[in-house]
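# Examining the three-dimensional arrangement
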Amino acid sequence: MLKKLSISNYALIDNLEISFDSGLNILTGETGAGKSIILGALSLILGQRAESRYFFNQQKKCVIEGTFKIADFHLKTFFEDNDLDYEAETVLRREISSDGKSRAFVNDTPVNLNAMKLLGEKLIDIHSQHATLEINDPEFQLLVVDSVAKHPDLLNDYQTKYRAYKKSTAKLQQLIDESDKAKADLDYYQFQYDELERAGLAADEQEQLEQELYALNNAEEIKRNLLSANYLVQDSDAAALTQLREAGQQLGQLTKFNPEIEELQQRLNSAIIELKDISAEIENIEQRTHTNEARGADINTRLSVIYNLQKKHRVNSNAELLRLQDELSDKIQQAVFGDEAIEKLQQQLGADKKELEQLAAQLSANRLTAIPVIETQVLQALAEMGMGNAALEINCTTVSELTKNGVNEVKFLFSANKGHALAEMSKVASGGELSRLMLGIKSLIAKNTALPTIIFDEIDTGVSGEVANKVGQIMEQLADNLQVITITHLPQIAGKGNSHYFVYKDDSSATTYTRIKQLNKEERVVEIAKMLSGDKPGESALQNARELLGSLQ
């Protein structure tokens, strides 16, 4: 429900705040006072486009903010899908700058206008005598039937399984397409795979071969430098080992004079042992280093194979070639064994479709049972609202393919007058008649389904007397199940509900403002009396107003 609406700098409104009640809320006021301005401002937080020429003050931005209680509307999934923070009391805000730039927010999170519009459609339903809204929408008509059929669990079960079925159907088509392509390319894939398999690649082979080839190509230089190094360490007259041994002997003669020198001698002996090991390893590497043209040729041949494969497949390493080999293996497996997966999924889909058809048949049976109830109750409500000659027929046909709602298509056919052929509602009913028809339908489905706030904008045009009273009574019944806000010029309707708001122009200063105030009981009596007889109601009008309000016991 709409808990509070705040409007700043819009049309004739400087600053205005309205708090609404949960049941039937009545808005009255003279023509041009600003009732439609308030609806226009509300439409901005429902995602409608805005123009800065409607600003009260062109130097300031326009801000519209609505606070909604949404705990009963099952909207958590919508908030999750749109990355929004869910709050049981949610705030929609629209800010429009003087240059026409607009920003939209849901619980202080910026959103695009389309997301705000989608959320707004789930929160508020504005209906006027000039707009048929969703009454001709097949989705809405089916919603009416389903709400009276009272099978939400069955419908939810069907829709959940239908979504899974459609997902599996798409997966099947993907498998078929992949299998067909794999079969067409099987010879090519097999040739590429065999070529890679024959190569017998190893992930780190290339780096090792390149290092070995580099060593072979520089064997003479390596051998020469190793011999020179070992000569300096061990074999020359002034070899490092010879000099270190002599230094150790000199230190050994001094240990009797200073204990610290003994530690130095031990460290020097350790260095001599380490240097001897280094010399031995140098000699070992030198002896193993030699030129080998045959081995070099083999390595070059092997590297040529690797380089050619990498160039062919446009990769830079053996690791990438091995990944490609695995991918080719998978494609070959798909071509050879893909039919098994396809056949298995087809069998599963067959079983799923059979289950869906059974669920759809139950949905269809429930809908056919509900349709006569809808026709009877809506026509009864219309008769109470002065449309006793109306006729309503709901056609429910079966389609050949499963849809997200089963196998039914529903169409409402309507005639407002006796002797006229039934047709789509928008073609045979006036705006006022459609509004009363919508009121009758909404009052029916509201008993079974959580509906958003509904706003009736002067839908009572063309009715009066007892019919107007009946329209008001049905609005009160509707308000037992959802929030209703109605803009009216009829005293019979203004006397309904507990919350009455009066919209008026304040021209007490140099600038005219639109104001709104909630009327107390006595103010309601006076306002309804004015609606009955004019600006200066007499006692008779006041008495009639009290009777309409039911205050006389």
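Residues numbered from 1 in each chain as written. Predicted model: local features only at pLDDT ≥ 70, side-chain atom pairs only at ≥ 80, totals over all residues. Heavy atoms only, no water.

## What to know about the overall build of the protein
- Helix and strand content of the protein: 18 helices and 15 strands.
- For 553 residues, the compact-globule formula gives about 24 Å, and the C-alpha radius of gyration of the protein, at 44 Å, lies well above that figure.
- Dimensions of the protein, computed from C-alpha atoms along their principal axes, come out at roughly 140 × 70 × 45 Å.
- In the protein, buried positions account for 42% of the 553 residues.
- Within the protein, counting contacts between residues at least 6 apart in sequence, those at least 24 apart form 69% of the total.
- On the protein, roughly 30100 Å² of surface is accessible, and the fraction owed to carbon and sulfur atoms is 47%.
- Computed over 59 positive and 83 negative side-chain charges, the separation of the two mean positions in the protein equals 7 Å. (Helix = DSSP H or I, 4+ residues; strand = E, 2+ residues; numbered from the N terminus. Rg over C-alpha atoms; globule rule 2.2 N^0.38 Å. Buried < 20%, exposed > 50% of the residue type's maximum accessible area, 1.4 Å probe, protein only. Contact = heavy atoms within 4.5 Å. Areas by Shrake-Rupley, 256 points an atom, 1.4 Å probe, with all protein chains shown as cover. Lys, Arg positive; Asp, Glu negative; His and termini not counted. Charge placed at Lys NZ, Arg CZ, Asp CG, Glu CD.)

## Looking at unusual backbone geometry
- Even without a glycine there, the phi angle at Asp 83 is positive, about 55 degrees.
- Turning to its location among the elements, Asp 83 is positioned in the loop between helix H2 (76-81) and strand E5 (89-96).

## Topic: the sheet that holds strand E2 (residues 13-19)
- In spatial order, the strands read E2-E1-E4-E5-E6-E7; together these six strands make up an open sheet with antiparallel pairing. Of all the strands in the sheet, just E2 and strand E7 (109-111) have a single pairing partner and so form its edges. When the angles between neighbouring strand axes are averaged without regard to direction, this sheet yields 15 degrees.
- Against the sheet, helix H1 (residues 35-44) engages strand E1 (2-10), E2, strand E4 (62-69) and E5, with an angle of about 100 degrees to E1.
- Together, E4, E5, strand E6 (102-106) and E7 form the strand contacts of helix H3 (residues 113-123), whose direction differs from that of E5 by roughly 135 degrees. (Pairing = 2+ DSSP bridges. Axes fitted to C-alpha atoms, helices over the stretch in contact; angles between N-to-C directions.)

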